[in-house]
Amino acid sequence: MIIRSAIVAAVLTSVVLASGCDDMLGGEPDLKALSEQWNTGDKQWSDENLLRLDRGQKFYKRTCAACHMGTGEGQVSVGAPALKENAFVSEEVDPLIKLVLEGKGTMPAFSHSVTGLELADILTYISNAWGNDSGMTFSMEQVDQLR
Ligand code: HEC
């Protein structure tokens, strides 16, 4: 009995520790709030794509916003162009994936520091944020094919 409750305690502890990781990305996503944020006009994103946009926003903030800003406005002092209302971001697919994998000028390459899934989520986010409105989603397979 004592052994069994020790095992239960150990399992519970690891569940708590593992779920703690979610907090690093801001806790459990709220699908209703995401739907209000993204399903505007006649848009109807699936729950899966809402979660992808949400993850993309969080990864973007962590990985790209230092230069391109959380608002997508870019930053003249580091030479980072605006990504908002940017046709390159909302219309290109392969060239956009390649640029982020390989870097350009002073923008670092991300092929070794970001997973295919993270990058797919980031690109899904930026091509729909700040008026880019592409309606596109990117998959991990698309990204990994161009690595
Ligand atoms: C260290 C600063 C820095 C970081 C971090 C950074 N970028 Fe950039 N980014 C730049 C610079 C500088 C350019 C301009 C490169 C050039 O044209 O020489 C650029 C260009 C771009 C472009 C091309 C825009 C256009 O209109 O040509 C895209 C798209 C882009 N970045 C996306 C991203 C994404 C997505 C991330 C995160 C995964 C990211 N960047 C992280 C500095 C950065």
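Higher on the page you've got the structure.
Starting afresh in each chain, residues are numbered from 1 along the sequence in its written order. In keeping with the model being predicted, local features are shown solely for residues with a pLDDT of at least 70 and side-chain atom pairs are shown and tallied solely at 80 or more, while totals for entire chains, interfaces and linings include all residues. The side-chain figures draw on all heavy atoms in the structure; neither hydrogens nor water molecules are used.

Caption draft 1: Quick peek at the packing of helix 2 (residues 31–38) against helix 3 (residues 47–63). Axis definition: a line fit to C-alpha positions, over the contact stretch in the case of helices; interaxial angles, taken between N-to-C directions, run 0 to 180 degrees. Going along the chain from the N terminus, every DSSP run of H or I of four or more residues is numbered as a helix, and every run of E of two or more is numbered as a strand. At a minimum axis separation of 10 Å, helix 2 and helix 3 run at an interaxial angle of 85°. Considering the angle they form, helix 2 stands roughly perpendicular to helix 3. Across the interface between the two elements, L31, L34, S35, Q37 and W38 of helix 2 pack against D47, L50, L51, L53, D54 and Q57 of helix 3. Note on angle classes: values under 35 degrees are labelled roughly parallel, values over 145 roughly antiparallel, values of 65 to 115 roughly perpendicular, and the remainder oblique. Only heavy atoms enter the contact rule, under which two residues are in contact if any of them lie within 4.5 Å.

Caption draft 2: The arrangement of the pattern of salt bridges in detail. When a carboxyl oxygen of Asp or Glu lies within 4 Å of a side-chain nitrogen of Lys or Arg, that pair is called a salt bridge. If you walk through the whole model with that rule in mind, you get eight salt bridges. For D121, the salt bridge identified is with R52, shortest N-O distance 3.7 Å. On the criterion of sequence distance, the pair formed by D121 in helix 7 (residues 116–126) and R52 in helix 3 is long-range, its members being 69 residues apart. The shortest N-O distance in the salt bridge between E118 and R62 comes to 3.4 Å. Here the residue E118 occupies a position in helix 7, and R62 occupies one in helix 3, the gap between them amounting to 56 residues. When salt bridges with common partners are traced through the structure, they connect E48, R52, R55 and D121 into a single cluster.

Caption draft 3: Highlighting the nonpolar core. W38, Y60, L119, L123 and I126 are the most contacted members of the largest nonpolar core, which totals 28 residues. Looking at this core element by element, the count peaks at six residues for helix 7. Beyond its immediate stretch of four places on either side in the chain, Y60 contacts A65, H68, M69, G70, G72, L83, I122, Y125, I126 and W130. Buried residues of nine kinds, namely Ala, Val, Leu, Ile, Met, Phe, Trp, Tyr and Cys, make up a nonpolar core once their side-chain atoms join them within 4.5 Å. For every residue, the accessible area obtained with a 1.4 Å probe (protein chains only) is divided by the maximum for its type, and the residue is called buried under 20%, exposed over 50%, and partly exposed between those limits.

Caption draft 4: Structural detail: the coordination of the iron atom of the ligand. Each metal site lists N, O and S donors within 2.8 Å (3.2 Å for Na, K and Ca). With water left out of the atoms, a site can look as if it is missing ligands. Note on the iron atom of the ligand: its protein donors are H68 (NE2) and M107 (SD). The metal-donor distances range over 2.0 to 2.1 Å. Geometry is assigned from the angles between donors: four donors with all angles from 85 to 135 degrees make a tetrahedral site, four or six donors whose opposite pairs exceed 155 degrees while the rest stay between 65 and 115 make square planar or octahedral sites respectively, and everything else is labelled irregular. Each of the six donor atoms bound to the iron atom of the ligand contributes to angles spanning 86 to 179°, and the resulting shape is octahedral. On the criterion of sequence distance, the pair formed by H68 in helix 4 (residues 65–68) and M107 in the loop between helix 6 (94–102) and helix 7 is long-range, its members being 39 residues apart.

Caption draft 5: Local environment of the site of the ligand. Near residues are defined by distance, with any heavy atom within 4 Å of the molecule or strand qualifying the residue. Surveying the vicinity of the ligand reveals 22 residues, the closest of which are C64, C67, H68, N86 and M107. Take H68: an N or O atom from its side chain is 2.8 Å from a nitrogen atom of the ligand. We place a 1 Å grid over just the protein atoms. Points where a 1.4 Å probe fits but has no way out form a cavity, open points with protein on both sides within 12 Å along at least 5 of 7 lines form a pocket, and any residue with an atom within 4 Å of a point lines it. To be counted as sitting in a cavity or pocket, a molecule needs more than half of its atoms within 2 Å of that site's grid points. Of all the cavities here, the one that holds the ligand is the largest pocket. If you list the elements that add at least two residues to the shell around the ligand, you get helix 4, helix 6 and helix 7. Its residues placed into classes, the shell around the ligand shows 15 nonpolar, six polar and one charged. Residues adjacent in sequence count toward polar contacts only when both atoms are side-chain atoms; beyond that, a polar contact is any pair of N or O atoms within 3.5 Å, and within protein one must be able to donate a hydrogen and the other to accept it. Here the nonpolar group is Ala, Val, Leu, Ile, Met, Phe, Trp, Tyr, Cys and Pro; Asp, Glu, Lys and Arg are the charged ones; every other residue, Gly included, is treated as polar.

Caption draft 6: Main features of the side chain of S90. Inspection of the secondary structure puts S90 in helix 5 (residues 87–91). Non-local contacts of S90, meaning those with residues more than four positions away in its chain, are made with S127, N132, S134 and M136.

Caption draft 7: Molecular detail of the layout of surface pockets. The computed volume of the largest pocket comes to approximately 510 Å³. If you go around the largest pocket, you meet 25 residues; those closest to its centre are H68, P81, L83, L99 and M107. Looking at the lining of the largest pocket, the elements that each hand over two or more residues are helix 3, helix 4, helix 5, helix 6 and helix 7. Partitioned by chemical class, the residues of the lining of the largest pocket number 19 nonpolar, five polar and one charged. Grid points are joined across faces, edges and corners, and a volume is the space filled by probe spheres set on the points.

Caption draft 8: View of unusual backbone geometry. Backbone geometry at E85 places phi at a positive 45°, although glycine is not the residue there. Positive phi, normally seen in glycine, also occurs at D133, with a value near 55°. Within the secondary structure layout, D133 lies in the loop between helix 7 and helix 8 (140–145).

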